[in-house]
Structures are given as structure tokens and as C-alpha cells.
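Tertiary structure, described
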Amino acid sequence: MSRRALGSLFPALKAQPHHIVVPISLRAFSSSPRSRSAGHESESFESFTERYTAFFQSVEDLFELQRGLNNCFAYDLVPAPGVIEAALRAARRVDDYSTAVRIFEGIKEKVENKSQYEAYLRELKGVKEELGIDTKEELYGQ
């Protein structure tokens, strides 16, 4: 923006021709490219699985569990059954049955189709029975 245009928008600028002051509102949108992912390398699915499995195995309270679930489900992938098992065990360890049920709801939303969801349920059937966790469908007969 030219000095003349700024002067017409902000009359105080005409009094001081030596200094160009650009209002914050005009500086907020920079046209120079910035790297938003500097220092973040891509992570393999295996290292993601190991990292979150270890995280959920060490969870000690509900806040930590829910924070981990939010972070884990924010990725553009469906967590491996091992990660889900660790999260379910953590939910029961911190004595929060509703979060355990919601983990299954999260899986249902992340998978591409019903058959993938059913495959997860089959894979996790033993853990579900061991921990006494029902899905929302089982609870409400849907």
C-alpha cells in the first residue's frame, strides 16, 4: 500500500511523512510464504502405532487419556487395533466406561465403511469381553 493511500486512510500519517506506519490489520496477512511444518517430519504408521500404544499404556488419569485420544484420532488414519486395545485398557484403568464406549464410536467414524468397523469389532472382541465394554449399538439396541 502506498504512502498516499495510507495517508488517506490514516490522517495522522500525513503529519509525519518520514515514517510509514502500517496498521496491524494490514500486517496480519503476510504475502510471504511461511513453512508451517518446519521441524515436523512425516511419521511412519509403525512408529505412530508404537508411540500411541506406549502412551496409552502409561496413562494415569482421565484428562491424559482424553487428550491422547483427541490427538490420536486427529490424524488422517485409523489407529491400529493394538493402539485401540491400549486405549480401551487405559479407559478401564482410569475407571471411565463412557470413554471406552466412545472409543468404538471414534473408530466407527474414522473407518471408510461398515465392513471395516465390523473387522475392528471382530479383532477387538476378546478385549471387549475381557473388559466388559459394550458398543453404543449394543447398549441402545441400534
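Our subject is the structure listed above.
Only a predicted model underlies this, so the values are computations on that prediction, with no experimental measurement involved. (Residues numbered from 1 in each chain as written. Predicted model: local features only at pLDDT ≥ 70, side-chain atom pairs only at ≥ 80, totals over all residues. Heavy atoms only, no water.)

**Some points on the packing of helix α4 (residues 45-57) against helix α6 (residues 81-93)**
This is how the line gets drawn: Where helices are involved, their axes are fitted lines through C-alpha atoms of the stretch in contact, as for all axes, and angles between N-to-C directions lie from 0 to 180°. What counts as a helix is a DSSP run of H or I of at least four residues, what counts as a strand is a run of E of at least two, and both are numbered from the N terminus. Should an angle fall under 35 degrees it is taken as roughly parallel, and over 145 as roughly antiparallel, whereas 65 to 115 is taken as roughly perpendicular and any remaining angle as oblique. Contacts between residues were defined by any pair of non-hydrogen atoms, one from each residue, lying within 4.5 Å. The nonpolar class holds Ala, Val, Leu, Ile, Met, Phe, Trp, Tyr, Cys and Pro. Asp, Glu, Lys and Arg form the charged class, and all remaining residues, Gly among them, are polar.
Where α4 meets α6, the closest approach of the two axes is 8 Å, and the angle between their N-to-C directions is 10 degrees. Compared by their axis directions, α4 and α6 come out roughly parallel. Here Thr49, Tyr52, Thr53, Phe56 and Gln57 of α4 lie close against α6, whose contacting residues are Gly82, Val83, Ala86, Ala87, Ala90 and Arg93. In the contact of α4 with α6, the residues fall into six nonpolar, four polar and one charged.

**Overview of the pattern of salt bridges**
The test is simple: When a carboxyl oxygen of Asp or Glu lies within 4 Å of a side-chain nitrogen of Lys or Arg, that pair is called a salt bridge. Relative accessible area decides the class of each residue, using a 1.4 Å probe on protein chains only: under 20% of the type maximum gives buried, over 50% gives exposed, and in between gives partly exposed.
By the definition in use, this model includes six salt bridges. Taking the shortest distance from any N to any O, the salt bridge between Glu105 and Lys136 comes out at 4.0 Å. Here Glu105, found in helix α7 (residues 97-110), pairs with Lys136, found in helix α10 (residues 136-140); they are 31 residues apart in sequence, far enough to count as distant. Relative accessible area serves as the criterion here: at 32%, Lys136 is assigned to the partly exposed category.

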